[in-house]
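Chain and residue survey
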Amino acid sequence: MSFGQQGGPQSQWDPWKPNSQQPWNGGTDGQTPDWAALAEASETRNKRRKLLFVVGGALATAAIGTAVAMAVVSANGGDNEASTTSSLPATADIPSQSATDPSFAPTSAPPPLDPKDFISSRTKDTAPLSAEILFPGTQLTMGETVYKKGATADTKKCASAANANGTLGKVLTANGCTSVMRVSYMKDGVAVTVGVAVFNTEAEARKAKGQADDKSVIASLSGDGIKPFCNAAVCRTTTNSYGRYAYFTTAGFLNGKDVTTKSTQVEKTGNDLAEFTFRQIRRRGEAQASAAANQ
């Protein structure tokens, strides 16, 4: 005799469905629970639970990292200038200039003494003076030309050193000439006499130079191997001044020949001696200026 099923279809137990019931026949129907399936289902649930924990933890970590990064950016402000400024030490930490730093007062070297000042007035031009001092030695070399030195002369009677037929004596006397020094040189039949008139001031020497004309001639000086010249012949003359000195040259041929515009040798001789005289007067000023500077 068989027993049919009553009350509808037998209920199926599903462990994942709520309200489902596990059939229990008291062991009379010979069916036992599927323990392997139950264990597998339990393990599946545990794996799902662990997976949810891992995913949730990762998401939480990412969210925290994002929040921290935003906080850092916000703190920095993204402003380079502000960042650079904030990296500087506070004002109190910056060392200030020491009050004991050395200071130096501005200094300047005194201007050099002007040599011309010492030969422009009698009060400063006090060094010994004579024709031999101004024109030393027995010869003169200008470039490649060597001139033999002749006689020298010094006089306080200035007019006596001028050509008697000219106007120079009057000019020298009128402007307060105190002395005249003369010296002669010669080379290859040409001779020249240099006359240096001395005044108390530069203004007097300039005035004398300005008043001299073509007839203002220094008298030639013979002697010491140089015979008389330029006493009757036409000669070449020059006039100039520097400081309190006016200086003149008379150059010509020793054989009495007249000087012409083609007499280049005479012209060169006169120019050389005029240049040398200027240099000697200037050197006199330089020497006195140097001596005064070293005192």
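Let me begin by describing the structure that accompanies this report. Keep in mind that this is a model prediction, so the values were computed, not measured.

**Re the environment of Thr141**
Within the secondary structure, Thr141 is located in strand 1 (residues 139-142). Through-space distance from the C-alpha of Thr141 to that of Asp272 is 9.4 Å; in sequence the pair is 131 residues apart.

**A few points about the side chain of Thr250**
Tracing the sequence through the fold places Thr250 in strand 6 (residues 245-253). From its side chain, Thr250 meets the backbone oxygen of Ile218 in a polar contact 2.9 Å long. Once you skip the residues sitting within four places of it in the chain, Thr250 turns out to touch Ala191, Val192, Thr193, Val217, Ile218, Phe229, Cys230, Cys235, Arg236 and Thr237.

**Re the sheet that holds strand 2 (residues 145-155)**
Ordered by their spatial adjacency, six strands build an open sheet running 1-2-3-4-6-5, and the pairing between neighbours is antiparallel. Looking along the sheet, the strands with just one partner apiece sit at the ends: strand 1 and strand 5 (236-242). With strand direction ignored, the average angle separating the axes of adjacent strands in the sheet is 25°. With seven bridges joining them, strand 5 and strand 6 adopt antiparallel strand pairing. Across the sheet, the residue bridging to Arg236 is Ala251, located in strand 6. In the packing of helix 5 (residues 202-211) onto the sheet, contacts are made with strand 5 and strand 6, and the angle to strand 5 comes to roughly 155°. Contacting strand 1, strand 2, strand 3 (179-187), strand 4 (190-198), strand 5 and strand 6, helix 6 (residues 264-293) crosses the sheet at an angle of about 155° to strand 6.

**Describing the nonpolar core**
Phe135, Leu140, Tyr185, Val196 and Leu273 are the most contacted members of the largest nonpolar core, which has 25 residues in total. Breaking this core down by element, the ones donating at least two residues are helix 3 (131-134), strand 1, strand 3, strand 4, strand 6 and helix 6. Counting 15 residues, the second largest nonpolar core, distinct from the first, contains Val171, Ala205, Ala208 and Phe248.

**Focus on the state of the cysteines**
In protein structure, a disulfide is the covalent linkage between the sulfur atoms of two cysteines. If you walk through the whole model with that rule in mind, you get two disulfides. The disulfide bridge from Cys158 ends at Cys177, spanning 2.1 Å between sulfur atoms. Because the torsion about its S-S bond is -85°, the bridge between Cys158 and Cys177 counts as left-handed. In this pair, Cys158 sits in the loop between strand 2 and helix 4 (168-174) while Cys177 sits in the loop between helix 4 and strand 3, placing the two residues 19 residues apart along the sequence. Its relative accessible area of 5% is what places Cys158 among the buried residues. Judged by its relative accessible area of 14%, Cys177 falls in the buried class. Bridging Cys230 to Cys235, the disulfide has an S-S length of 1.8 Å. For the disulfide bridge between Cys230 and Cys235, the dihedral angle about the S-S bond is near -105°, and by the sign convention the bridge is left-handed. Among the residues examined, Cys230 registers a relative accessible area of 13% and is labelled buried. Assigning the bonded cysteines of the protein chain consecutive numbers by sequence position, one obtains the connectivity 1-2, 3-4.

What counts, and at which threshold
- Residues numbered from 1 in each chain as written.
- Predicted model: local features only at pLDDT ≥ 70, side-chain atom pairs only at ≥ 80, totals over all residues.
- Heavy atoms only, no water.
- Helix = DSSP H or I, 4+ residues; strand = E, 2+ residues; numbered from the N terminus.
- Polar contact = N/O pair within 3.5 Å; in protein donor to acceptor, adjacent residues only side chain to side chain.
- Contact = heavy atoms within 4.5 Å.
- Pairing = 2+ DSSP bridges.
- Axes fitted to C-alpha atoms, helices over the stretch in contact; angles between N-to-C directions.
- Core = buried A, V, L, I, M, F, W, Y, C linked by side-chain atoms within 4.5 Å.
- Buried < 20%, exposed > 50% of the residue type's maximum accessible area, 1.4 Å probe, protein only.
- Disulfide = S-S within 2.5 Å.

Taken by themselves, the reported measurements are silent on function.
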